[in-house]
Amino acid sequence: MKNVMKIVVPVVLFGFLMTSCATAVQVRPVRGVVVTKVHHPKIIVHKNVNYYRSAGVWYVKKNRAYKRVSVPAGVRVATLPRGYKTVKVRGVKYYRCKGVYYKRSGRKYVVVHV
């Protein structure tokens, strides 16, 4: 019995330590924060302004930096960002991702304020 405990206790302890170290934290900037690099942005032009969408977060480029902004209503996108959720508000179906609501319009999606 003592030999079994000498093996089981270290294995359990090692497993506990490995799972506690494997947590991942995803951080996204607050509105108005300026970042220097945006990974794989999709460029959407709306009223002659280039908006950059990366992982569901919207930016506007200023010089060589990107400023996080709230996207205006009416912006049309071809695809929804990853991680969107389907929600119903007052019986209407919307798609929500990181605080931005989208509504299907034909083959595209339109940003709306709910």
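Residues numbered from 1 in each chain as written. Predicted model: local features only at pLDDT ≥ 70, side-chain atom pairs only at ≥ 80, totals over all residues. Heavy atoms only, no water.

**Examining the overall build of the chain**
Here is step 1: When helices and strands are tallied, the chain shows one helix and ten strands.
Here is step 2: Starting at the N terminus, the α and β elements of the chain follow one another as α-β-β-β-β-β-β-β-β-β-β.
Here is step 3: Looking at the chain alone, contacts between residues at least 24 apart form 46% of all its contacts between residues at least 6 apart.
Here is step 4: Carbon and sulfur atoms make up 57% of the accessible area of the chain, which totals about 8,800 Å². (Helix = DSSP H or I, 4+ residues; strand = E, 2+ residues; numbered from the N terminus. Contact = heavy atoms within 4.5 Å. Areas by Shrake-Rupley, 256 points an atom, 1.4 Å probe, with all protein chains shown as cover.)

**Points about the sheet that holds strand S5 (residues 65–68)**
Here is step 1: What the five strands build is an open sheet, ordered S1-S5-S4-S3-S2; its pairing is antiparallel. Each edge of the sheet is formed by a strand with only one pairing partner; in this case those strands are strand S1 (34–35) and strand S2 (42–46).
Here is step 2: Relative to strand S4 (residues 57–62), strand S3 (residues 49–54) runs antiparallel, the two being bridged by four bridges. Within S4, the residue paired with Tyr51 across the bridge is Val60. (Pairing = 2+ DSSP bridges.)

**Some points on the pairing of S5**
Here is step 1: The pairing of S1 with S5 spans two bridges and is classified as antiparallel. The residue of S5 that forms the bridge with Val34 is Lys67.
Here is step 2: Two strands pair when backbone bridges link them, and S4 and S5 are joined in this way by four bridges, in the antiparallel orientation. Each bridged residue has a counterpart across the sheet, and for Lys62 the counterpart in S5 is Ala65.
Here is step 3: Here S4 folds back onto S5, and the loop between the two strands holds two residues, one of which, Asn63, carries a positive phi near 55°.

**Let's talk about the packing of aromatic side chains**
Here is step 1: Tallied over the entire structure, the rule returns six aromatic pairs.
Here is step 2: For the pair Tyr51 and Trp58, a centre-to-centre distance of 6.4 Å together with 75° between the ring planes defines the contact as edge-to-face. Summarising the burial analysis for this pair, Tyr51 and Trp58 share the class buried.
Here is step 3: Arranged with centres 6.4 Å apart and planes meeting at 75°, the rings of Tyr59 and Tyr66 form a pair that is edge-to-face. (Phe/Tyr/Trp six-rings, centres within 6.5 Å; stacked < 30°, edge-to-face > 60°. Buried < 20%, exposed > 50% of the residue type's maximum accessible area, 1.4 Å probe, protein only.)

Geometric values such as these leave the question of function open.
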